[in-house]
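Commentary on secondary and tertiary structure
Now for the letters of each chain:
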Amino acid sequence: MEETTLNNDIHTKLTEKFGEKVTAVSEPYGLLTFVTYKDVIVNVLSHLKDELKFNFLTDITAVHYPGQDHGIAVVYHLNNMVERVRIRIKVFISEQNPTIPTATTVWKGANWMERETYDLFGVKFEGHPDLRRILNMDDLGVHPMLKQYPLEDPNRVDKKDEFFGR
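Residues numbered from 1 in each chain as written. Predicted model: local features only at pLDDT ≥ 70, side-chain atom pairs only at ≥ 80, totals over all residues. Heavy atoms only, no water.

Digging into unusual backbone geometry
Here the phi dihedral of Tyr-29 falls at roughly 55°; this positive angle occurs in a residue that is not glycine. By secondary structure assignment, the location of Tyr-29 is in the loop between strand 1 (23–26) and strand 2 (32–36). Residue classification places Tyr-29 among the exposed positions, given a relative accessible area of 85%. (Helix = DSSP H or I, 4+ residues; strand = E, 2+ residues; numbered from the N terminus. Buried < 20%, exposed > 50% of the residue type's maximum accessible area, 1.4 Å probe, protein only.)

Here we look at the pattern of salt bridges
For the structure on display, the rule yields four salt bridges. Between Asp-130 and Arg-115 there is a salt bridge whose closest N-O contact spans 4.0 Å. With Asp-130 in the segment after strand 7 (124–126) and Arg-115 in helix 3 (residues 110–121), the pair connects residues that are 15 residues apart, well separated along the chain. Assessed through its relative accessible area of 30%, Asp-130 is described here as partly exposed. What makes Arg-115 buried here is its relative accessible area of 6%. (Salt bridge = Lys/Arg side-chain N within 4 Å of Asp/Glu carboxyl O.)

Here's the deal with the nonpolar core
Counting residues in each nonpolar core, the largest one holds 37 residues, and the members touching the most others are Leu-48, Tyr-76 and Ile-87. Per-element tally for this core: the top contributor is strand 5 (residues 85–93), with five residues. (Core = buried A, V, L, I, M, F, W, Y, C linked by side-chain atoms within 4.5 Å.)

Details of the environment of Phe-18
The topology assignment puts Phe-18 in helix 1 (residues 3–18). In this structure Phe-18 comes out as buried when scored by relative accessible area, which is 12%. Residues Phe-18 and Val-40, spaced 22 residues apart in sequence, show a C-alpha to C-alpha distance of 8.5 Å. Those residues in contact with Phe-18 that sit more than four places away from it in its chain are Asn-43, Val-44 and His-47. (Contact = heavy atoms within 4.5 Å.)

Re the pairing of strand 1
Pairing of strand 1 with strand 2 involves two bridges; the strand directions are antiparallel. The partner of Ser-26 across the bridge, within strand 2, is Thr-33. Where strand 1 folds back on strand 2, the antiparallel hairpin that results is connected by five residues, among which Tyr-29 adopts a positive phi of roughly 55°. (Pairing = 2+ DSSP bridges.)

A word on the environment of Tyr-37
In this fold, Tyr-37 is placed in the loop between strand 2 and helix 2 (41–50). Judged by its relative accessible area of 38%, Tyr-37 is partly exposed. In this structure, the C-alpha to C-alpha distance between Tyr-37 and Val-22, residues 15 residues apart in sequence, is 8.0 Å. Among residues more than four places away in sequence, those in contact with Tyr-37 are Glu-20, Lys-21, Thr-23 and Val-91.

Examining the side chain of Thr-36
Positionally, Thr-36 belongs in strand 2. On the basis of relative accessibility, which here comes to 1%, the residue Thr-36 falls in the buried class. Not counting the four nearest positions on each side in its chain, Thr-36 is found in contact with Lys-21, Ile-41, Val-44, Ile-89, Lys-90, Val-91 and Phe-92.

So, the sheet that holds strand 4 (residues 72–80)
Across the sheet, which stays open at both edges, the five strands sit in the order 1-2-5-4-3 with mixed pairing between neighbours. The sheet is open, and its two edges are formed by strand 1 and strand 3 (56–64), each paired on a single side. When the angles between neighbouring strand axes are averaged without regard to direction, this sheet yields 15°. Where strand 4 meets strand 5, nine bridges bridge the pair, whose relative direction is antiparallel. Counted as the bridge partner of His-77 is Arg-88 from strand 5. Strand contacts of helix 2: strand 2, strand 4 and strand 5, with the helix running at about 175° to strand 5, the strand carrying the most contacts. Contacts from helix 3 reach strand 3 and strand 4, with the element oriented near 10° to strand 3. (Axes fitted to C-alpha atoms, helices over the stretch in contact; angles between N-to-C directions.)

Structure follows, in structure tokens:
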């Protein structure tokens, strides 16, 4: 079956089940991508796993969009190994209150991915069995992947622009 036909079938089934909770559907490079909401994300993930056979959780990560109302997007990548199709789900959450339900109730393997996303982006996964830092020191006061700090120290004297062609 052709990739676009599979994506259309999946989109139709998701729309029938979740209606307006599935928005911003697109297909960049053939990868079915859509946005949903944190109040239904566990139901959407469960439906994708149990009914549509997306049995492999490839990744959970986040993207920070500073200055926007919902400044953090939690991104899930799933794979249906039987039909050889992938899907991307995005959930936008507030930067001031970055919480979302855990996916460990659907996939046990989400545990470490959520811990990494928490550590790097500060996203708190509600109901996670052991949400704590995994890569950084416990007393680190920031989440390194949030764009909340300057990329370079403007006061550095050891870095002269003329040496770097600027």
